[in-house]
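Now for the letters of each chain:
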Amino acid sequence: MMPCYQLLISQMRRAGLALMLPAALLGTFAFPNQVQTATAQTSVGNRPLTIRADVQEYDAKTQVVTARGNVQMLYPARQLQATSAQAQYFSKERRIDFSGNVYILQQGGNSIRAENVTYLIDEGRFVALPQSKRQVESIYMVQESDNDGQTTTPAPKTPAFKPSN
């Protein structure tokens with residue numbers, strides 16, 4: 001028969017292993033119907049980029065994270081939020097590819113809607129592509145300056161917008 005303290009230590013070890021195993025497997029397998037979150041540290045200043053999705057996979061050889069289903073990205077260091085059907089974070093190239101009903105919002109109100117968007121992190125540049133026979137939509141908030149109290153001349157009238165179908 002085992003002394004009481006040894007039995008307690010043995011049970012604590014089992015409980016510790018039981019808790020560590022699921023955590024280790026969570027990083028290896030993707031479970032559908034469960035929102036998963038990945039946080040990547042960028043090399044400059046180690047500012048987190050958080051991606052949430054229904055399913056995520058990580059390829060250790062290529063260092064690519066693929067997120068699918070209800071993808072949400074939050075990147076506070078660049079004041080960005082994004083949603084899409086799929087996103088891939090290429091950590092070596094420092095690039096994020098979004099696809100499927102992409103919407104990106106910057107603090108201050110600037111936004112992009114497209115079918116595919118590539119975000120080049122180091123350049124702070126977006127490359128957006130539309131669906132076939134459609135267009136990319138960007139909205140930019142433009143600050144009007146008053147030139148030291150002087151009134152600005154009004155912009156010329158533009159023709160009425162006719163959406164293309």
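Heads up: the structure comes first, above all this text.
Residues numbered from 1 in each chain as written. Predicted model: local features only at pLDDT ≥ 70, side-chain atom pairs only at ≥ 80, totals over all residues. Heavy atoms only, no water.

Now for the side chain of Asn110. Following the sequence through the fold, Asn110 ends up in the loop between strand 6 (95-106) and strand 7 (111-120). A polar contact of 2.7 Å, which involves the side chain of Asn110, links it to the backbone nitrogen of Met141. Apart from residues lying up to four places away in sequence, Asn110 is in contact with Ile104, Leu105, Ile139, Tyr140 and Met141. (Helix = DSSP H or I, 4+ residues; strand = E, 2+ residues; numbered from the N terminus. Polar contact = N/O pair within 3.5 Å; in protein donor to acceptor, adjacent residues only side chain to side chain. Contact = heavy atoms within 4.5 Å.)

At Asn70, a position not held by glycine, the phi torsion is positive, near 50°. Here Asn70 lies in strand 4 (residues 64-75). In the Ramachandran plot, Arg94 falls in the positive-phi region, its phi being about 55° despite a non-glycine side chain. Looking at where Arg94 falls in the secondary structure, it is placed in the loop between strand 5 (80-90) and strand 6. Judged by its relative accessible area of 11%, Arg94 falls in the buried class. (Buried < 20%, exposed > 50% of the residue type's maximum accessible area, 1.4 Å probe, protein only.)

As enumerated under the stated definition, the model contains one aromatic pair in all. Ring centres of Tyr119 and Phe126 lie 4.6 Å apart, and the angle between their planes is 25°; on these two criteria the pair is classed as stacked. (Phe/Tyr/Trp six-rings, centres within 6.5 Å; stacked < 30°, edge-to-face > 60°.)

Bridge analysis of strand 2 (residues 48-53) against strand 4 gives three bridges, and the strand direction is antiparallel. If you follow Ile51 over to strand 4, its bridge partner there is Met73. Relative to strand 4, strand 3 (residues 55-59) is paired through five bridges, and the arrangement is antiparallel. Considered in strand 4, the bridge of Tyr58 is made with Val65. (Pairing = 2+ DSSP bridges.)

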